[in-house]
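Here's the letter readout for the chains.
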Amino acid sequence: MIDALGKGMLTIADGPEMPSVDDFLPDPFVFQGTPFAINRIILVRILATVIMLLVLGITASRAKLIPSRWQGAVEWLIEFVRDNIVYQVMGELRGKRYVPMITTVFCTLLVFNLCGIIPGFNIAASATITLPLVFAMWCFCQYWIAGIREKGLGHFLRDEIFPKGVPAPIYILLSPIQLLELLIIRPFSLTIRLFANMVSGHLILALCLSATQYFLIDVVNKVFMPFGVVTFAAGMFMFLFEALVACLQAYIFAILTTAYINMSYPEID
């Protein structure tokens, strides 16, 4: 018994092949060495985008006055973004301009995030920093455009860098912080929030499933099979949790984008 346990411990010492951050930067397999190089995560983004456009395009082309269940589900999703994100934060008058943008942000991130738990994809298309950064920059381009359009460049920068109601000497410390927040902190925080959540969740889920395969299939000594049952249960929990996080992060990104754009408008007295 002791000998068998010792052999089992030696096997465990070898350990399963654990996932790492390097899994999110796989080597390209098409057009290597060119700006058009495609690796696995880029392929997932392309496939997810094509599927999303096909589904929405076919649904729109077959839309009826009395919607089918599928059409009703798609319309409910769009109405949810419009009514519970855009109009709730900005109001209908301001929000109409941004419904297409916020709907695109929400639906794209939702589909891309869910790729992490879809068999065959197995990685969130938003799990590298470039894609969240692109969406964050889109958000803050709209933030600047709205502020300049409504206030003019000078008044917009004055309100952002020199907020009202602050004693003049405080501006020496406050204004550089405000400028840093406007140019770097806000877009960076929006980027990191999405990126970190999708990477960490995928790593934990992959770790649970990798350990499950190791304890239930690879390890020779079956004494350690109960560990596999535990890691499998943890993996199933993380699978469901990742689905929740994927939806929640798309919602948070969309509502923060809406809130930031709304902040660039002048306050209504």
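Residues numbered from 1 in each chain as written. Predicted model: local features only at pLDDT ≥ 70, side-chain atom pairs only at ≥ 80, totals over all residues. Heavy atoms only, no water.

Undergrad: How do you make sense of the overall build of the protein chain when you look at a structure like this?
TA: Within the protein chain, the regular secondary structure consists of 8 helices and 0 strands. Tracing the protein chain from N to C terminus, the helices and strands come up as α-α-α-α-α-α-α-α. Looking at the 269 residues of the protein chain, the share that counts as buried comes to 36%. Residue pairs in contact within the protein chain that sit at least 24 positions apart in sequence constitute 70% of those at least 6 positions apart. By element, 72% of the accessible surface of the protein chain is carried by carbon and sulfur atoms, the whole surface being about 15,800 Å². (Helix = DSSP H or I, 4+ residues; strand = E, 2+ residues; numbered from the N terminus. Buried < 20%, exposed > 50% of the residue type's maximum accessible area, 1.4 Å probe, protein only. Contact = heavy atoms within 4.5 Å. Areas by Shrake-Rupley, 256 points an atom, 1.4 Å probe, with all protein chains shown as cover.)

Undergrad: Any chance you could explain the layout of surface pockets here in plain terms?
TA: Over the atoms a probe the size of a water molecule is rolled, and this reveals where empty space is left. In this model, the second largest pocket occupies a volume close to 410 Å³. Lining the second largest pocket we find 15 residues, and of these Met 52, Val 55, Trp 70, Leu 77 and Val 111 sit closest to its centre. If one sorts the elements of the lining of the second largest pocket by residue count, helix H2 (residues 40–61) sits on top with 5 residues. In terms of residue class, the lining of the second largest pocket is made up of 15 nonpolar, no polar and no charged. (1 Å grid on protein atoms, 1.4 Å probe; cavity = no way out; pocket = protein on both sides within 12 Å on 5 of 7 lines; lining within 4 Å. Points joined across faces, edges and corners; volume = space filled by probe spheres on them. Nonpolar A, V, L, I, M, F, W, Y, C, P; charged D, E, K, R; others polar.)

Undergrad: Where do I start with the UniProt feature "transmembrane region" (unreviewed entry) in the protein chain in this structure?
TA: According to UniProt, the positions carrying the feature "transmembrane region" (unreviewed entry) are residues 37–60, 98–121, 127–147, 168–188, 194–217 and 229–261. Span residues 37–60 is 88% helix and 0% strand, its end C-alpha atoms 33 Å apart. Split by type, residues 127–147 is 86% helix and 0% strand. Its first and last C-alpha atoms lie 31 Å apart. (UniProt positions renumbered as here; feature names shortened; annotations may be inferred.)

Undergrad: Whenever I open this one, the state of the cysteines confuses me. Can you help?
TA: Disulfides are covalent bonds that link the sulfur atoms of two cysteine residues. Going through the model one piece at a time under the given rule, you end up with 0 disulfides. We note that Cys 141 lacks a disulfide partner, and the nearest cysteine sulfur, in Cys 139, lies 9.1 Å from it. Residue classification places Cys 141 among the partly exposed positions, given a relative accessible area of 42%. (Disulfide = S-S within 2.5 Å.)

Undergrad: Got a minute to help me understand the packing of helix H5 (residues 130–151) against helix H7 (residues 171–218) in this structure?
TA: Running from amino to carboxyl end, H5 crosses H7 at an angle of 140°, the nearest separation of the two axes being 9 Å. Crossing handedness for the pair H5 and H7: right-handed. Contacts between H5 and H7 pair Pro 132, Leu 133, Ala 136, Met 137, Cys 139, Phe 140, Tyr 143 and Trp 144 from the former with Leu 182, Leu 183, Arg 186, Pro 187, Leu 190, Thr 191, Leu 194 and Phe 195 from the latter. Tallied by class, residues from the contact of H5 with H7 come to 14 nonpolar, 1 polar and 1 charged. (Axes fitted to C-alpha atoms, helices over the stretch in contact; angles between N-to-C directions. Left-handed = near helix turned anticlockwise from the far one by under 90°.)

Undergrad: Would you take a moment to explain helix H4 (residues 99–114) for this structure?
TA: Along an α-helix, a turn takes 3.6 residues, which lines up residues three or four apart on a common side. Between its first and last C-alpha, H4 extends 22 Å over 16 residues, near the 22 Å set by a 1.5 Å rise per residue. Within H4, 12 of the 16 residues are buried, leaving the element largely enclosed by the surrounding structure. Within H4, the full set of buried residues consists of Val 99, Met 101, Ile 102, Thr 103, Val 105, Phe 106, Cys 107, Thr 108, Leu 109, Leu 110, Phe 112 and Asn 113. Tucked into the core, H4 has its buried residues touching H2, helix H3 (69–95), H5, H7 and helix H8 (225–263). (Expected span 1.5 Å × (residues − 1).)

Undergrad: I keep staring at the packing of aromatic side chains and nothing clicks. Help me out?
TA: Scanning the entire structure with this criterion turns up 12 aromatic pairs. The interplanar angle of 40° and the centroid separation of 5.2 Å between the aromatic rings of Phe 140 and Tyr 260 together place this pair among those described as tilted. With Phe 140 in helix H5 and Tyr 260 in helix H8, this residue pair connects regions lying 120 residues apart in the sequence. The exposure class assigned to Phe 140 is buried, which follows from its relative accessible area of 5%. On the basis of relative accessible area, Tyr 260 is assigned to the buried category, the value being 12%. Ring centres of Phe 162 and Tyr 171 lie 5.4 Å apart, and the angle between their planes is 80°; on these two criteria the pair is classed as edge-to-face. Among the aromatic residues, ring-to-ring pairing joins Phe 140, Tyr 143, Trp 144, Phe 156 and Tyr 260 into one connected group. (Phe/Tyr/Trp six-rings, centres within 6.5 Å; stacked < 30°, edge-to-face > 60°.)

Undergrad: Looking at this structure, I do not really get the confidence of the model for the protein chain. What am I missing?
TA: Atom-level detail of predicted coordinates should not be read off regions where pLDDT is low. Counting all residues, the mean pLDDT for the protein chain is 84, and 89% of those residues have values of 70 or more. Across the protein chain, the element-wise mean pLDDT spans from 46 in helix H1 (residues 2–14) up to 94 in H4. Long-range and interchain partners of residues 1–13, a stretch whose pLDDT sits below 50, account for 12 contacts in this model, where long-range means more than four residues apart. (pLDDT = per-residue confidence, 0-100.)

Undergrad: Would you mind going over a nonpolar patch on the surface with me for this structure?
TA: On the surface, a cluster of nonpolar side chains totalling about 530 Å² of accessible area is made up of Phe 29, Leu 43, Leu 47, Ile 51, Val 55 and Trp 70. Top element by residues in the nonpolar patch is H2. It accounts for 4 residues. Relative to the elements of secondary structure, Leu 47 occurs in helix H2. Given a relative accessible area of 36%, Leu 47 falls into the partly exposed group. (Patch = residues over 30% accessible without salt bridge, like charges linked within 9 Å, V, L, I, M, F, W, Y side chains within 5 Å. Salt bridge = Lys/Arg side-chain N within 4 Å of Asp/Glu carboxyl O.)

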